[in-house]
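# Observations on the model geometry
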Amino acid sequence: MIKIKDNLKSIRENNNISKLFIEALKNHNLNQIKTIPKGDLHNHALLGMRFSQFNKYFDGQVKPPPVQMNGLEEMASYLDNETIKFIKSKQEIEDLLELAITEAINDGVIVLEASLDASFISYYNNDVEYFSMIQKLKNKYSEKIDFRPELGAARVLPEDKWMEWVLPCIKSGAFYSIDLYDLESVNKIDLYSKYYKIAKDNGLKIKAHVGEFCSSEQIIETIKILNPEAIQHGIQAIKSQKAINLIKDRNITLNICPTSNIKLGAIDKFDNHPAPDLYREGIDITINTDDLMLFDSSVSEEYLKLYKRGLFLAEELNFIRINSLK
Ligand SMILES: [Zn+2]
């Protein structure tokens, strides 16, 4: 069996693939873009499918997400009232994960860093059962996608849950990376830093959500204390040359999700998105979905939107695509 993760280097270096991608963008050919290998490095797995699939899975009981939301608070309230309440069993977690993975595969995603919330472990009879489910999914799809399970921790998570849920996950070897998310106004940075050190010692890739809405000072603080290899969003760095320089000096990648930023109101309109400016400052960026179920825009669709609106050249987007396959 040939695992896709063993072929990433040759796929990155394949000039024919690059040519086809650039041609597909220039021809506005979404179907062709979908066939080109790409990464999705900012994806919350249980919301990684279209709303229609999520709703179908729960027998049509789910109310659609608002088209435009006022920040993370409105998103959180939709999720609390309309999605989380439906997820009651480990079977549902596993089924939704599979929907997200197959959706990614259908969009040509071959590297998927998708977060699994730390709380999922509590749905299982024991830790081993949870970790073997994750391993089973990795193996099942390994010919088509490099599924990299990411351990996701909410900023509000109390310390006892970091001990009970996060710690065994860090030590399990089942996870590729760790991420921190939720309202940026909650910032227990000393608590996170304690567990991030353990994660780093256990070989996990270090990631954190920051700079979606918050100040560039909070981005700088997060970089200095958590030392992330990648930042989820980080778009507010555009307001501070100091933040931009720090991101560049430390070789940090920004995993950006343009449609998510528009639909949550972090950026007022697509044409004003700072992704091109960050890229032209020399920062490594990638283009991602965040939550396909909420924002209804696949990675392929994101690339095409950015091209059609003239924010990037096709060649630049190809560079960004290759960057997402590391
Ligand atoms: Zn996110």
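Presented here is a report on the structure given in the accompanying data block. (Residues numbered from 1 in each chain as written. Predicted model: local features only at pLDDT ≥ 70, side-chain atom pairs only at ≥ 80, totals over all residues.)

Its 14 residues give helix H8 (residues 159-172) an end-to-end C-alpha distance of 19 Å, which sits within 8% of 20 Å, the value for a rise of 1.5 Å per residue. Within the span of H8, buried status applies to Trp165, Val166, Cys169 and Ile170. Of the surrounding elements, those touching the buried residues of H8 are strand S3 (146-154), strand S4 (177-181) and helix H9 (189-201). Just past H8, the residue Gly173 takes up positive phi, approximately 80 degrees. (Helix = DSSP H or I, 4+ residues; strand = E, 2+ residues; numbered from the N terminus. Expected span 1.5 Å × (residues − 1). Buried ≥ 20, exposed ≤ 12 C-beta atoms within 10 Å, placed from the backbone. Contact = placed C-beta atoms within 7 Å.)

On to the sheet that holds S4. The parallel open sheet is built from eight strands, whose spatial order is S1-S2-S3-S4-S5-S6-S7-S8. The open sheet has two edge strands, strand S1 (38-44) and strand S8 (284-287), and neither has a second partner. Taken pair by pair, the neighbouring strands of this sheet meet at an average axis angle of 25 degrees, ignoring direction. (Pairing = 2+ DSSP bridges. Axes fitted to C-alpha atoms, helices over the stretch in contact; angles between N-to-C directions.)

Turning to the pairing of strand S7 (residues 253-256), a few remarks are in order. Burial along S7 is two-sided: the face carrying Thr253 and Asn255 and the face carrying Leu254 and Ile256 are both buried. As paired strands, strand S6 (residues 230-233) and S7 are joined by three bridges and run parallel to one another. The partner of Ile231 across the bridge, within S7, is Leu254. In this sheet, S8 lies alongside S7 in parallel orientation, the contact comprising four bridges. Across the sheet, Asn255 pairs through a bridge with Thr286, a residue of S8.

In this structure, Ile101 sits in helix H6 (residues 90-106). The sequence separation of Ile101 and Ala76 amounts to 25 residues, and the corresponding C-alpha distance is 23 Å. Beyond its immediate stretch of four places on either side in the chain, Ile101 contacts Leu112, Leu137, Tyr141, Ile145 and Phe147.

Taking 1.5 Å per residue, 13 residues should reach 18 Å; H9 reaches 18 Å between its end C-alpha atoms and fits that length. Residues Tyr192, Tyr195, Tyr196 and Ala199 constitute the buried set of H9. Buried residues of H9, viewed axially, fall in a sector of 110 degrees; they line one side. With respect to the buried face of H9, the exposed residues turned more than 90 degrees away are Asp190, Lys194 and Asp201. Contacts from the buried residues of H9 go to H8, S4, strand S5 (205-210) and helix H10 (216-226). Looking one or two residues past H9, Gly203 carries a phi angle of roughly 80 degrees, positive in sign. (Arc of directions from axis to C-beta.)

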